[in-house]
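Results of the structural survey
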Amino acid sequence: LFIMSLLSECFPFALSTMPQNEYIEKAIKENGRRFDHEERERKREARMAHERSEFAQKVKGLRAKLYHKKRHNEKVQMKKKIAAHEESKNKHETEGEVQKGAIPAYLMDRKEQSSAKVLSNTIKQKRKEKAGKWDVPLPKVRGISEEEMFRPVTSGKRKSKQWKRMVTKPTFVGENFTRKPPKFERFIRPSGLRMKKAHVTHPELKTTFFLDILGVKKNPSSPLYTSLGVLTRGTIIEVNVSELGLVTTTGKVVWGKYAQITNNPENDGCVNAVLLV
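Throughout what follows, the structure given in this document is the object of discussion. (Residues numbered from 1 in each chain as written. Predicted model: local features only at pLDDT ≥ 70, side-chain atom pairs only at ≥ 80, totals over all residues. Heavy atoms only, no water.)

**A word on the overall build of the chain**
Stated formally: In DSSP terms, a helix is any run of H or I states spanning at least four residues, a strand is any run of E spanning at least two, and both are numbered starting from the N terminus. Throughout, exposure labels follow a simple rule: accessible area from a 1.4 Å probe, protein chains only, divided by the maximum for the residue type, with under 20% read as buried, over 50% as exposed, and the rest as partly exposed. The contact criterion used throughout is that any non-hydrogen atoms of two residues lie within 4.5 Å. Values of accessible area rely on a 1.4 Å probe in the Shrake-Rupley scheme; residue burial ignores everything except the protein chains shown.
Along the backbone of the chain there are nine helices and ten strands. In the chain, which comprises 277 residues, the share counted as buried stands at 21%. Contacts in the chain between residues at least 24 apart in sequence constitute 45% of all its contacts with a sequence separation of at least 6. In the structure as shown, the chain presents an accessible area of about 22,000 Å², 55% of it carried by carbon and sulfur atoms.

Below you can see the structure in the form of structure tokens.
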């Protein structure tokens, strides 16, 4: 208020001439646009593709990753929209029986059409059935907080820095895993808590096999835990089932299958899982 009063005293004309509210829209309504406004807009839109391409080729590092992820999402949405439009346009003749009796002349060349909605509904139904195949043994599990998962580790000459974290739960790391240099390692996964094998039970055969873990597909608690390969109750892991001799309908040998961990590995010292068939 003091500044406003000072401004009004020093520059009495300033406040009255300052633009108020939706002044741009008001000016457009009163005075209209430039005579070549539409043409300029069209050219600007045409240039955008070239500018976007140039930027995509130049950008580097994390900024490039974020930009390409954003563009990928935009393209996916655009393709979905185009597919939806195409689906509404797509029409085909009905394969019904020919009706008995005479048809009026004005209906002779008119063929019955049905939209592709029925086709899309059957596809959606199949997808639902496929999704039902992967019903997991443990649909709900307790979430694990970061306070429980990580323990702060002090570092530095005076042990005053606390940016490092020690993972307190069992983890899985790949065969050729190499630790980062201490200066760059934020999350420490102790070698004593690393698991390589799991006791996997086949629900139909009612038999348990000791199989190698190939990777961690999803940890329900957090995407961070998934990337770190943390093994907790409810985690979906991929196991090597080549020893079981499972084959697909085409006769190919199944290499890896998903399984869900059913125990708490940090308490039992081993990983127990049920195969998702």
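Text resumes after the structure shown.
**Some words on the pairing of strand S8 (residues 236-240)**
Put simply, the test is: The pairing criterion for strands is at least two bridges between them, as found by DSSP.
Within S8, four of the five residues are buried, which leaves the element mostly enclosed by the surrounding structure. Across five bridges, the pairing between S8 and strand S9 (residues 256-261) is antiparallel. Its bridge partner lying in S9, Ile236 is registered against Gln260.

**Topic: the pairing of S9**
In the sheet, S9 pairs with strand S10 (residues 272-275) via three bridges, with the strands oriented antiparallel. Residue pairing for S10: Gln260 is matched across the bridge by Val274.

**Comments concerning the layout of surface pockets**
Using a probe with the size of a water molecule, rolled over the atoms, empty space left in the structure can be pinpointed. Here is the rule we go by: Using protein atoms alone on a 1 Å grid, points that fit a 1.4 Å probe yet trap it form a cavity, whereas open point sets bounded by protein on both sides within 12 Å along at least five of seven lines form a pocket; residues with an atom within 4 Å of a point count as lining. Grid points are joined across faces, edges and corners, and a volume is the space filled by probe spheres set on the points. Classification used: nonpolar for Ala, Val, Leu, Ile, Met, Phe, Trp, Tyr, Cys and Pro, charged for Asp, Glu, Lys and Arg, polar for all others including Gly.
Of the volumes computed, that of the second largest pocket is approximately 150 Å³. Forming the walls of the second largest pocket are Phe177, Thr178, Arg179, Lys180, Phe184, Glu185, Arg186, Phe187, Arg189 and Leu228. Grouping the constituent residues of the lining of the second largest pocket by class yields four nonpolar, one polar and five charged.

**Examining the sheet that holds strand S5 (residues 187-188)**
Strand order across the open sheet formed by three strands is S3-S4-S5, with mixed pairing between neighbours. Bordering the open sheet on either side are strand S3 (150-155) and S5, each of which pairs with just one other strand. Across five bridges, the pairing between S3 and strand S4 (residues 161-167) is antiparallel. Opposite Ser155, over in S4, you have Lys161 as the bridge partner.

**Some remarks on helix H4 (residues 37-58)**
Along an α-helix, a turn takes 3.6 residues, which lines up residues three or four apart on a common side. Just so we agree on the cut-off: What a helix should span is 1.5 Å times the count of its residues minus one. Throughout, bend refers to the angle between the axes fitted to the seven residues that end at a position and the seven residues that start at it.
Along its 22 residues, H4 runs 31 Å from first to last C-alpha, staying within 8% of the 32 Å computed at 1.5 Å per residue. Largest kink in H4: about 30°, centred on Met48.

**Remarks on the environment of Pro137**
Within the secondary structure, Pro137 is located in the loop between helix H6 (117-133) and helix H7 (146-149). Considering only alpha carbons, one finds Pro137 and Gly234, 97 residues apart in sequence, at a separation of 8.6 Å. When sequence neighbours within four positions are dropped, the list of residues in contact with Pro137 reads Gln260, Val274 and Leu276.

**Considerations on the packing of aromatic side chains**
Quick note on the threshold: Under the pairing criterion, centres of Phe, Tyr and Trp rings, with the six-membered ring standing for Trp, must be within 6.5 Å; the plane angle then separates stacked pairs below 30 degrees from edge-to-face pairs above 60, leaving the rest tilted.
Tallied over the full model, the rule gives three aromatic pairs. On the numbers, 4.9 Å between centres and 80° between planes, the contact of Phe55 with Tyr67 is edge-to-face. Placement of the pair is Phe55 in helix H4 and Tyr67 in helix H5 (residues 61-89), with a sequence separation of twelve residues. For the pair Phe150 and Phe187, a centre-to-centre distance of 5.1 Å together with 40° between the ring planes defines the contact as tilted. Taken together, the residues Phe150 in strand S3 and Phe187 in strand S5 connect sequence positions 37 residues apart. We classify Phe150 as buried; its relative accessible area is 6%. Take Phe187: its relative accessible area is 18%, and that puts it in the buried class.

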